[in-house]
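Per-entry structural report
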Amino acid sequence: MSSSLYETCSSRLNENLDTTEQNAQMIRCLADEYDKSISERSTNDYDVANGLDTFFVIYAASLVFFMQAGFAMLCAGSVRLKNVQNTMLKNLL
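Residues numbered from 1 in each chain as written. Predicted model: local features only at pLDDT ≥ 70, side-chain atom pairs only at ≥ 80, totals over all residues. Heavy atoms only, no water.

**A closer look at a nonpolar patch on the surface**
This is how the line gets drawn: Note on patches: the residues involved have over 30% relative accessible area and no salt bridge, like charges join within 9 Å, and the nonpolar side chains Val, Leu, Ile, Met, Phe, Trp and Tyr join within 5 Å. Residue burial considers only the protein chains on display, and all accessible areas are found by Shrake-Rupley using a 1.4 Å probe. The salt bridge definition used is simple: a Lys or Arg side-chain nitrogen within 4 Å of an Asp or Glu carboxyl oxygen. Each helix is a run of H or I in the DSSP string that is no shorter than four residues. Each strand is a run of E no shorter than two, and both are numbered from the N terminus. The classification of residues rests on relative accessible area computed with a 1.4 Å probe and restricted to protein chains. Under 20% of the type maximum is buried, over 50% is exposed, and intermediate values are partly exposed.
Judged by side-chain polarity, F55, Y59, L63, V64 and M67 come together as a nonpolar surface patch covering roughly 530 Å² of accessible area. Here Y59 is to be found in helix α3 (residues 43-77). For Y59, a relative accessible area of 43% puts it in the partly exposed group.

**Regarding helix α2 (residues 19-39)**
To be explicit about the condition: By definition here, a helix of n residues has an expected span of 1.5 Å times n minus one. As used here, the arc is the angular range of directions from the helix axis to the C-beta atoms. We call two residues in contact whenever any of their non-hydrogen atoms come within 4.5 Å of each other.
Taking 1.5 Å per residue, 21 residues should reach 30 Å; α2 reaches 30 Å between its end C-alpha atoms and fits that length. For α2, the set of buried residues is Q22, M26, C29 and E33. Projected down its long axis, α2 carries its buried residues within an arc of 70°, all on one side. In α2, the exposed positions angled more than 90 degrees off the buried face are occupied by T20, I27, R28 and S39. On its buried face, α2 sits against α1 (5-11).

**With respect to the pattern of salt bridges**
Across all of its chains, the model carries one salt bridge by this definition. In this structure, E33 and R12 form a salt bridge, with 2.9 Å as the shortest nitrogen-oxygen distance. In this pair, E33 is assigned in helix α2 and R12 in the loop between α1 and α2, connecting sequence segments 21 residues apart. Using a relative accessible area of 13% as the deciding quantity, one classes E33 as buried.

This is how it looks when you write it as structure tokens:
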């Protein structure tokens, strides 16, 4: 059974070092082990990761788009009827 990155690095820590140096050693070890695991990935993993990243960006952009529309409705509801068009135009710009 394979151990996690944290378990692998914590087993390599030098107990004679102070806390700051142990933390630095742990971070270096985690970075090295992560780089090794990245280099072992296949092309298919990168394709999946790229697809998920693209989906997340599109999803987040749609949320921002709908939040802008919701804010426009909030502003339109807080002014008199004759000023709604002006408020909507200001939100658009």
